[in-house]
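The chain contents come next:
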Amino acid sequence: MKLYITKKMLDEIVKYTKQKIPYEACGILSGDIAEENYRVKRIWTFENELSSAFKFYVNKEKVKSVMSSIDQLNEHLIVVFHSHPTAHAIPSFQDIYYHIDSKILMMIISLKEEIPDVKCYHITGNKYVKCELITVEL
Ligand SMILES: [Zn+2]
């Protein structure tokens, strides 16, 4: 699976997650899926109601309203992203356990090092496989 995202959107996601330090930040990306190619069109962010560096909890009503907005735009939920303020960009056991759907990719933004590390994964069962993350110019 390949994930295509503009450099501008990727910068925006990293900037957002940095603003939330020391807490974990999370959100979703909507766009199109054509076979194995996922193309990001829009970023949606969620407040972490736990204000935690290790966990997040998102209000269900907020998720519902975002999902219906995505529907109205004729887009799909293609990626769930979250940051790791102090850990590497590798899915934790919990990340895998709570991942909603294998068709939806997982993006992790690690802010552990000075240069953020962004990785994308395909989660199936209790395994994760790295996806290709392709940044494109507008
Ligand atoms: Zn995580």
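Everything quoted here is computed from the prediction, not taken from an experiment.

With that out of the way, let us pick up the sheet that holds strand β5 (residues 105–110). Pairing between sheet strands relies on hydrogen bonds along the backbone, with the strands arranged either parallel or antiparallel. One open sheet holds the eight strands; their spatial order is β7-β6-β5-β4-β2-β3-β1-β8, and the pairing between them is mixed. One side of each edge strand has no neighbouring strand; the edge strands of this open sheet are β7 (127–130) and β8 (132–136). The sheet shows a mean angle of 35 degrees between the axes of neighbouring strands, taken without regard to direction. Two elements, strand β1 (residues 2–6) and strand β3 (residues 37–46), share three bridges in a ladder whose sense is parallel. Paired with K2 across the two strands is N37, which belongs to β3. Contacting β1, β3, β4 (76–84), β5, β6 (117–124) and β8, helix α1 (residues 7–19) runs over the sheet at an angle of about 85 degrees to β1.

Attention now moves to the confidence of the model for the protein chain. Taken as a whole, the protein chain shows an average pLDDT of 93; of its residues, 96% reach a score of 70 or greater. For the protein chain, the element scoring lowest by mean pLDDT is helix α3 (residues 93–97), at 92; β5 scores highest, at 98.

On to unusual backbone geometry. Of the consecutive residues I21 and P22, the connecting peptide bond is found in the cis state with omega at 10 degrees. Non-glycine residue E35 carries a positive phi angle of around 55 degrees. Accessibility expressed as a C-beta count within 10 Å gives 7 for E35, which makes it exposed. For N74, which is not glycine, the phi dihedral falls at a positive 60 degrees.

Take the environment of V79 next. The topology assignment puts V79 in strand β4. The exposure class assigned to V79 is buried, which follows from the 22 C-beta atoms found within 10 Å. Residues V79 and C120, 41 residues apart in the sequence, show an inter-C-alpha distance of 8.8 Å. When sequence neighbours within four positions are dropped, the list of residues in contact with V79 reads L3, I28, L29, Y38, V40, I104, L105 and M107.

Counting 25 residues, the largest nonpolar core has V79, F81, L105 and M107 as its most contacted members. Going through the elements one at a time, β1, β2 (26–34), β3, β4, β5 and β6 are the ones with two or more residues in this core.

It is worth spelling out the environment of Y4 at this point. By the element assignment, Y4 lies in strand β1. Expressed as a C-alpha distance, the spacing of Y4 and K41, which sit 37 residues apart in the sequence, is 9.4 Å. Residues in contact with Y4, not counting those within four places in the same chain, are N37, Y38, R39, V40, I134 and V136.

A word on the pairing of β1. Only one face of β1 is buried: it carries L3 and I5, and the other face, with K2, Y4 and T6, is open. Looking at chain direction, β1 and β8 are connected through five bridges and run parallel. For L3, the partnering residue across the bridge sits in β8 and is L133.

A few words now on helix α2 (residues 60–72). Compared with an ideal rise of 1.5 Å per residue, which puts 13 residues at 18 Å, α2 spans 19 Å between its outermost C-alpha atoms and is within 8% of the ideal. Here α2 lies mainly on the outside; one of its 13 residues are buried. One or two residues past the end of α2 sits N74, with phi positive at roughly 60 degrees.

Calculation criteria
- Residues numbered from 1 in each chain as written.
- Predicted model: local features only at pLDDT ≥ 70, side-chain atom pairs only at ≥ 80, totals over all residues.
- Pairing = 2+ DSSP bridges.
- Helix = DSSP H or I, 4+ residues; strand = E, 2+ residues; numbered from the N terminus.
- Axes fitted to C-alpha atoms, helices over the stretch in contact; angles between N-to-C directions.
- Contact = placed C-beta atoms within 7 Å.
- pLDDT = per-residue confidence, 0-100.
- Buried ≥ 20, exposed ≤ 12 C-beta atoms within 10 Å, placed from the backbone.
- Core = buried A, V, L, I, M, F, W, Y, C linked by C-beta atoms within 7 Å.
- Expected span 1.5 Å × (residues − 1).

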